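Single-letter residue listing:
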Amino acid sequence: MSSVASPAPTPASPTARSEARAARSERLRLLLRTPTVVIGTLIIGFWVFCALFPGIVCPYNPIFDNQLPTSISPSLDFPFGTDTNGRDVFSRVLAGSRNILLIAPAATLLGTVLGTILGLITGYFRGIVDDVTSRLVDAVLALPLIVTAILIVTAVGSSSRSVVVLIIGLIFTPVVSRTVRAAVLAETELDYVQAARLRGERAPYIMFSEILPNVLPLVVVEFTVRLGYAIFAVASLTFIGFGVQPPSPDWAAQINQYYTFIDPYWWMTLFPAIAIASLVVSVNLVADGIREVYER
Amino acid sequence: MSTVATDLALDVSDLELVYRVRGIDRPVLRGVSFSIERGRSYGLVGESGCGKSTAALGIVRYLPRNGRISAGGVSVAGRDVLALGARELREFHARTVSMVYQNPGSALNPGIRVGAQVAEAFTVLGTARKEATERAREALGRVQIADPGSVMGRYPHQLSGGMQQRVVIAMALAKDPELLILDEPTTGLDATVEAEVLDLVANLQAELHTAVLFISHNLGVISKMCDRVGVLYAGRLVEEGPVETVLQDPRHPYTVGLLRCIPRGGVRKDQGRLDTIPGFLPSLGASIPGCVFAGRCALADDRCHTEEPSLTEARAGHAARCFHQERARGLPRQEAAELDLAPIDRSETPLVRFDDLGKVFQQHGADIHALVGVSAAIWKGETLGLVGESGSGKTTLARTLLGIVGPSSGIVELEGRTLAPRFQKRGREDLRALQIVFQNPDSALNRRHAVGRILMRAMSKLAGVRGAEAERRVVELVDRVRLSERTLTQKPVQLSGGLKQRVAIARAFAGDPKLVVCDEPTSALDVSVQAAILNLLVELQAERGVSYLFISHDLGVVRYISDRIAVLYLGRLMELGPADVVFEGPHHPYTEALLSAVPTVDGGGRDRIRLEGDVPSAAEPPTGCVFHTRCPRRLGSICDETEPPLVEVEENHLMRCHIPLDELRTLLAAGPPPVSAAATAS
């Protein structure tokens, strides 16, 4: 290589080219080999299917009253029993995921997007902007999520789905921004950011084209972790009467409706509660798996 | 240190070690055998990825979970290490072997005071707590820490890197180990500190008769520290023998190549190109039927590719794994085309001029004087080398030139025009004129962007061209830095360190810069790659007349590439002159100390001067000459009280010293000054 006319060095061994692709498929393989991730994915998939095609999975109509005898305890005919309005609890549980599965991901997505933008801005600019926002974030984080949500919903006076999405999304924003900010702070220390500045790049380009791709894995992890919380938050809000109007089947609404009759009608409350738990747990299982694989 | 001892402290025989990656066992060490007698030291050298550190980890059975010793034997002081059970292994780690790693900062617990950490090294051996504290104090004294009492009360971050490494060595020696393994123990340290630490290790070893396994990529360090050396390549020991004969009369082409890559003997860029080792290390665990080095060897014939040479003795105790041992030293050099480096015309306006540059940082309410009255100029096509210990202001000077920090006083001129202090206020012409190549290409290149995208963006921002024209010029540029076009679609992670650095260089050259700051551009690279990168930088300079501000702690590299050299100490210019003059002397006492700290492959040569203590704090610089506190040639009170001016002692040679040039010349000829009282006391 010491002569001007010497041939170019081979840029990489033939195997190196496929290395990045191999790393990606390696991650996927690791995910699929983790039993908890597989179980979580299957359960989530099942609930998504139920939400999409309630007509196929429900043995009885989950909405109309008085089709069936009322308040029958679980049996072969009605595995989860029937409720006081004469509806099949099994069918209502199967059909009751729709609301949560619409609101929670939408709210999480909103919170993640806004939080990432805020995190990029505060982490990149630092200074006054960062100081002020960070203190505000601290303040928001100090408040219990559900109480804040109730206060806002009550103040706004409307409890449509989009309002719930907006509120949960806004509450998540500072939480996500704090995580992203920490990663952005570490990235801005790297020389490629300095190199970009020294060729006259503007801040938005550096934030979104240079830094964002490098913090994206973290954002994905953050999204999955937040999703678990969001499901819980949506269920809590619905339980106290926001978001869904009866008689639409909804797990939290069902619990709210029947928990006072838990003795002796335990099945009307227990099965929707198990359903909520199954979804929250599965999302967390998947989130843990993703986090582990990305943070290796 | 040569007491007669026949028993072996370490005996490694036919060690085979594999890493399991994606379900396949990949050999990392291929039948490595060597041994160390008691009280002796053995060096392992080789480029990164050849298995040096893995060998050390295998010997103490401290491998990552996917690592496994598949064959061979290791015994330390007569005990079979591979047969130890979990409990015995722990005992073995606690009492028999010690390891010292490269980064002392991460080897010490940041939350525990130094004294408690050193004492713990004794309490794990069963010493009572009170006695352990006393022993810790002794141990710190033994590693020449001047005031053990106060050091014990401090936290690791309050100590300098050299002090931290001494503390780690003190802990390693607490158990009086049979075997001490040092893995690149001085790589992160300044040359002056490195010299001190190496002296210390050599003295302690002579005193304690500990066997030392010394791992380093630096042949100079190995040459200074070791009795025997083994050269590793792709997990195979390709050559082994006494340090003197291996380095002076190498018998394996790889060793020959490694030695030739190092800029030495005062060669400069206009006198010759550096040799490189073409090609790449075989990928991890590749199966190689013949000689491991055949793919990169200019002497290789058909037999080398199909048949594995055995380790054959060239002379007693010196063996190499090569069919062509006799011809190894005659390894053909690559044809080097003559480079046409234009003479530098210093009668013109300089390209860049620093005028009385000062920079003060505020830290914890104190003023840190990072630069004090620095004036210098760089002409077109010239390389100004910048040397000095860490904290001397090298990086601050480069950052001020680039406008990353604004100077507190003074100005920077580009072609006679005063530049805006911060880069944000500079126009595109000024930005493209001044670019930088960073030390670490991993950090300098966005790991999510393909090389093509990185270069296209630089082209559009710096050269202001887009579309087909930009593409054409990117292809040209890639070709210019000797990368193949295929690289454009690859991401940095798919490239080796040297190739990444080429991409970083290409990016800096996208806008046809007038001056490129090179901030330790080769210190993260192996020597063979370093040589290729230096050659490339010189080629680009010959072709485009670009100037460099070249920062490096490797004085051999600085001498090779620089036309003039500036020596900084505590933010002040101590000496500035043509490279040969600064190196050959008469030079400033500080320059003299820096030069004598560097261990060379040729061994000895220079009389050694050691600097005592650490660099003083820039918040409270010493009065008078800032160097007087450590100066081996201090005259007397004049040095403590009056700061000498920077004067032109001969043509183009500036120096800041009270000693007249002629006297320096006599002093230098007379050899090193008598060791001062402070040094003997320790």
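Keep in mind it's a predicted model, so treat the numbers as computed, not measured.

Residue and element names in this part refer to chain B. The pairing of strand 13 (residues 352-363) with strand 14 (residues 366-378) spans nine bridges and is classified as antiparallel. Residue pairing in the sheet places F361 in a bridge with I368 of strand 14. Between the end of strand 13 and the start of strand 14, which pair antiparallel, lie two residues, with H364 showing a positive phi angle near 50°.

Moving on: the nonpolar core. With 268 residues, the main nonpolar core has I168 and V234 of chain A together with L455 of chain B as its most contacted residues. Looking at which element gives the most residues to this core, the answer is helix 11 (residues 203-239) of chain A, with 16 residues. For L455 of chain B, the contacting residues outside a window of four places in its chain are V474, L477, V478, A506, R507 and A510 of chain B. Grouped together as the second largest cluster of nonpolar side chains are five residues, V649, M655, C657 and I659 of chain B included.

Put simply, D263 of chain A and P264 of chain A share a cis peptide bond, and its omega is 10°. Checked against the element boundaries, P264 of chain A lands in the loop between helix 12 (251-258) and helix 13 (267-294). A positive phi angle, near 60°, is found at H209 of chain B, a position not held by glycine. Assignment of secondary structure puts H209 of chain B in the loop between helix 8 (191-208) and strand 8 (211-215). H209 of chain B gets classed as partly exposed once you count the C-beta atoms within 10 Å, which come to 15. Although it is not a glycine, L570 of chain B adopts a positive phi angle of roughly 50°. Here L570 of chain B shows up in the loop between strand 21 (564-569) and strand 22 (572-578).

Residue and element names in this part refer to chain B. What the eight strands build is an open sheet, ordered 6-7-8-3-9-10-12-11; its pairing is mixed. For this open sheet the edge positions go to strand 6 (97-100) and strand 11 (312-315), each flanked by a neighbour on one side alone. Within the sheet, the average angular offset between the axes of one strand and its neighbour, ignoring direction, is 20°. Relative to strand 10 (residues 236-242), strand 9 (residues 228-233) runs antiparallel, the two being bridged by six bridges. Looking at the pairing, R228 lines up with P242 of strand 10. Sheet strands in contact with helix 7 (residues 161-173) are strand 6 and strand 7 (179-183), and its direction is about 170° off that of strand 6.

All names here are of chain A. Taken as a whole, chain A shows an average pLDDT of 85; of its residues, 91% reach a score of 70 or greater. In the model of chain A, helix 1 (residues 14-17) stands out as the element of lowest mean pLDDT, 42, in contrast to helix 10 (residues 191-198), which has the highest, 95. Counting interchain partners and residues more than four positions distant, the pLDDT-below-50 stretch residues 1-17 has 43 contacts.

The rules behind these values
Residues numbered from 1 in each chain as written. Chains lettered and ligands numbered in written order. Predicted model: local features only at pLDDT ≥ 70, side-chain atom pairs only at ≥ 80, totals over all residues. Pairing = 2+ DSSP bridges. Helix = DSSP H or I, 4+ residues; strand = E, 2+ residues; numbered from the N terminus. Core = buried A, V, L, I, M, F, W, Y, C linked by C-beta atoms within 7 Å. Buried ≥ 20, exposed ≤ 12 C-beta atoms within 10 Å, placed from the backbone. Contact = placed C-beta atoms within 7 Å. Axes fitted to C-alpha atoms, helices over the stretch in contact; angles between N-to-C directions. pLDDT = per-residue confidence, 0-100.

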